[in-house]
Amino acid sequence: MLIIRPIAISDYDALHTCAVESGYGFTSLPVNQELLTKRIEHSEYSFSKAEVSHPSDEGYLMVGVDSETGEVVGTTGIEAAVGWDRPSYSYHISTIVHSSHKLGVHNTVKLLTFGNNYTGCTEICTLFLREPYRQGTNGRLLSKSRFLMMAEHPECFSPTIFAEMRGVSDAKGNSPFWQWLQQHFFSIDFTLADYLTGIGKKGFIADLMPKLPIYINLLSPEAQAVIGKVHDNTRPALTLLEQEGFTCRNYVDIFDAGPTVECDLRHIESVRHSVRARVEIARHSSGQNYLMCNSTFKNFRATAAKAAYNREREEVVITPEVAKALEVEQGEWLRILSQ
């Protein structure tokens with residue numbers, strides 16, 4: 001059984017392993033001891049807040065733990081409001097028309113415009129599952145557990161939820177999109193730019209990024225071809241988000257041009273269709289498969305298991321094993337989502 005819980009400082013080695021295995025382009029998991037330690041400490045601080053009535057500087061990082069071995073096999077996170085302590089940048093793709101009636105010329109061109117359009121919005125991020133565990137419901141649980149948390153505690157998050165999807169790069173971390181920017185504006189390679197961003201040193205972006213819109217048709221063919229495309233390893237995560245109702249509204253990452261997808265919190269499928277139910281514990285529990293989480297925030301727990309749900313009575317029957325995993329007692333509340 002995979003159990004999702006808040007990260008603890010004792011999970012540092014496991015998080016470092018995830019960072020190493022995630023490879024190039026995974027900005028939120030740089031292989032840097034100081035940054036990873038700070039992310040864990042900031043998450044512990046965020047989960048320990050007495051009460052949150054609106055999102056601000058909170059960053060929630062969670063891990064997936066194999067209940068049988070105790071091994072941390074993946075991670076998933078939420079930034080409550082980006083841009084709170086450091087700027088968040090993106091490109092917006094827009095379309096303009098150049099035309100001349102006299103000459104009979106009519107050209108439609110697209111632009112990349114640099115901006116901070118998602119400032120204050122909630123970002124889901126740092127979704128990584130180690131390869132041996134990419135099976136069954138593990139990936140779905142890591143991803144959807146965040147939406148169960150949002151459904152149960154909407155006051156902690158922005159009305160707009162977004163995710164930056166990893167863009168196209170090769171095995172050595174070379175991004176066709178960044179190579180064009182590097183040649184004309186930055187003079188540093190993609191892996192270094194990606195690393196500096198991951199450790200919070202974003203000042204170079206504002207200093208060197210072209211301030212005026214960029215005509216996409218002036219980019220190299222290789223750079224144009226990857227705008228809005230995702231890395232092969234990211235396709236499953238994108239598919240899950242699209243099934244939740246997330247869509248790209250013409251925003252892309254400034255480094256690798258991977259798409260940014262967004263959805264109104266109220267319209268996320270897992271938020272809309274999850275329900276609350278009171279716990280009944282029984283030695284045997286037949287029924288269907290559910291994703292479920294407890295109703296607490298500081299001690300958040302989520303897992304996937306069989307349960308029997310009675311809609312009329314608003315009750316869900318779970319086994320003692322599941323109750324232990326979720327740290328709930330008879331009569332307490334769960335939020336459940338049918339798989």
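Conventions we followed
- Residues numbered from 1 in each chain as written.
- Predicted model: local features only at pLDDT ≥ 70, side-chain atom pairs only at ≥ 80, totals over all residues.
- Heavy atoms only, no water.
- Axes fitted to C-alpha atoms, helices over the stretch in contact; angles between N-to-C directions.
- Helix = DSSP H or I, 4+ residues; strand = E, 2+ residues; numbered from the N terminus.
- Parallel < 35°, antiparallel > 145°, perpendicular 65-115°, else oblique.
- Left-handed = near helix turned anticlockwise from the far one by under 90°.
- Contact = heavy atoms within 4.5 Å.
- Pairing = 2+ DSSP bridges.
- Phe/Tyr/Trp six-rings, centres within 6.5 Å; stacked < 30°, edge-to-face > 60°.
- Buried < 20%, exposed > 50% of the residue type's maximum accessible area, 1.4 Å probe, protein only.
- Lys NZ or Arg CZ within 6 Å of the ring centre and 35° of its normal.
- Core = buried A, V, L, I, M, F, W, Y, C linked by side-chain atoms within 4.5 Å.
- Right-handed = clockwise from strand over helix to strand, strands pointing away.
- Domains from an automatic or database assignment.
- Salt bridge = Lys/Arg side-chain N within 4 Å of Asp/Glu carboxyl O.
- Polar contact = N/O pair within 3.5 Å; in protein donor to acceptor, adjacent residues only side chain to side chain.
- Nonpolar A, V, L, I, M, F, W, Y, C, P; charged D, E, K, R; others polar.

K.L.:
Please set out the packing of helix H3 (residues 138-152) against helix H8 (residues 235-244) residue by residue, giving values where relevant.
P.N.:
Their axes nearest at 11 Å, the elements H3 and H8 cross at an angle of 45°. With respect to H8, the axis of H3 lies oblique. Regarding H3 and H8, the two cross each other, and that crossing is right-handed. Residues Gly-139, Arg-140, Ser-143, Lys-144 and Phe-147 of H3 lie in contact with H8, whose contacting residues are Leu-240, Leu-241, Gln-243 and Glu-244.

K.L.:
Just give me the short version of the pairing of strand E9 (residues 247-252), but keep the residues and values in it.
P.N.:
Here strand E4 (residues 90-100) pairs with E9 via two bridges, running antiparallel. Looking at the pairing, His-92 lines up with Tyr-251 of E9. The sheet contact formed by E9 and strand E10 (residues 259-264) spans four bridges and is antiparallel. What sits directly across from Tyr-251, in E10, is Thr-260.

K.L.:
Which residues make up the packing of aromatic side chains, and what values go with them?
P.N.:
All chains considered together, the criterion is met by 11 aromatic pairs. Ring geometry for Tyr-60 against Phe-297: centres 5.0 Å apart, planes inclined by 75°, an arrangement best described as edge-to-face. In this pair, Tyr-60 sits in strand E2 (residues 59-66) while Phe-297 sits in the loop between strand E12 (288-294) and strand E13 (302-310), placing the two residues 237 residues apart along the sequence. What makes Tyr-60 buried here is its relative accessible area of 0%. Assessed through its relative accessible area of 14%, Phe-297 is described here as buried. Consider the rings of Tyr-91 and Phe-114, whose centres lie 6.2 Å apart with planes at 65°: the pair is edge-to-face. Residue Tyr-91 is found in strand E4, and its partner Phe-114 is found in strand E5 (residues 105-115); the two are separated by 23 residues along the sequence. Among the residues examined, Phe-114 registers a relative accessible area of 19% and is labelled buried. Aromatic rings pair up to connect Phe-47, Tyr-60, Phe-157 and Phe-297 into one cluster. Just above the ring of Phe-147 sits the side chain of Arg-146; from NZ or CZ to the centre is 6.0 Å.

K.L.:
Let's hear about the nonpolar core: which residues, and what values?
P.N.:
Formed by 39 residues in total, the largest nonpolar core has its most connected members in Tyr-60, Ile-124, Phe-157 and Phe-246. Dropping the residues within four chain positions of it, Tyr-60 is found in contact with Ser-43, Ser-46, Phe-47, Val-52, Thr-76, Gly-77, Ile-78, Ala-80, Cys-156, Phe-157 and Phe-297.

K.L.:
Can you explain the pairing of strand E6 (residues 122-129)? Please cite residues and give values.
P.N.:
Among the eight residues of E6, seven are classified as buried, and the element is accordingly described as predominantly covered. Traced from E6 through H3 to strand E7 (residues 160-164), the parallel crossover comes out right-handed.

K.L.:
Tell me about the environment of Lys-298, and please be specific about residues and values.
P.N.:
Residue placement: Lys-298 occurs in the loop between E12 and E13. The sequence separation of Lys-298 and Ser-46 amounts to 252 residues, and the corresponding C-alpha distance is 8.8 Å. The contact partners of Lys-298, leaving out residues within four places of it in the chain, are Pro-6, Phe-47, Ser-48, Lys-49 and Ala-50.

K.L.:
Could you give an account of the domain arrangement of the protein chain, naming the residues involved and the relevant values?
P.N.:
As far as domains go, the protein chain holds domain 1 (2-91 + 115-273) and domain 2 (274-338). Each of domain 1 and domain 2 has a C-alpha centre, and the two are 29 Å apart. In this complex, domain 1 contributes 27 residues to the contact, which on the side of domain 2 involves 20 residues. Across the contact surface, domain 1 and domain 2 share two salt bridges. Summed over the shared surface of domain 1 and domain 2, the number is seven residue pairs in polar contact (both at pLDDT 80 or more). Element by element, the count of residues in the side of domain 1 that touches domain 2 is highest for H3, at eight residues. Looking at the side of domain 1 that touches domain 2, its residues break down into 15 nonpolar, six polar and six charged.

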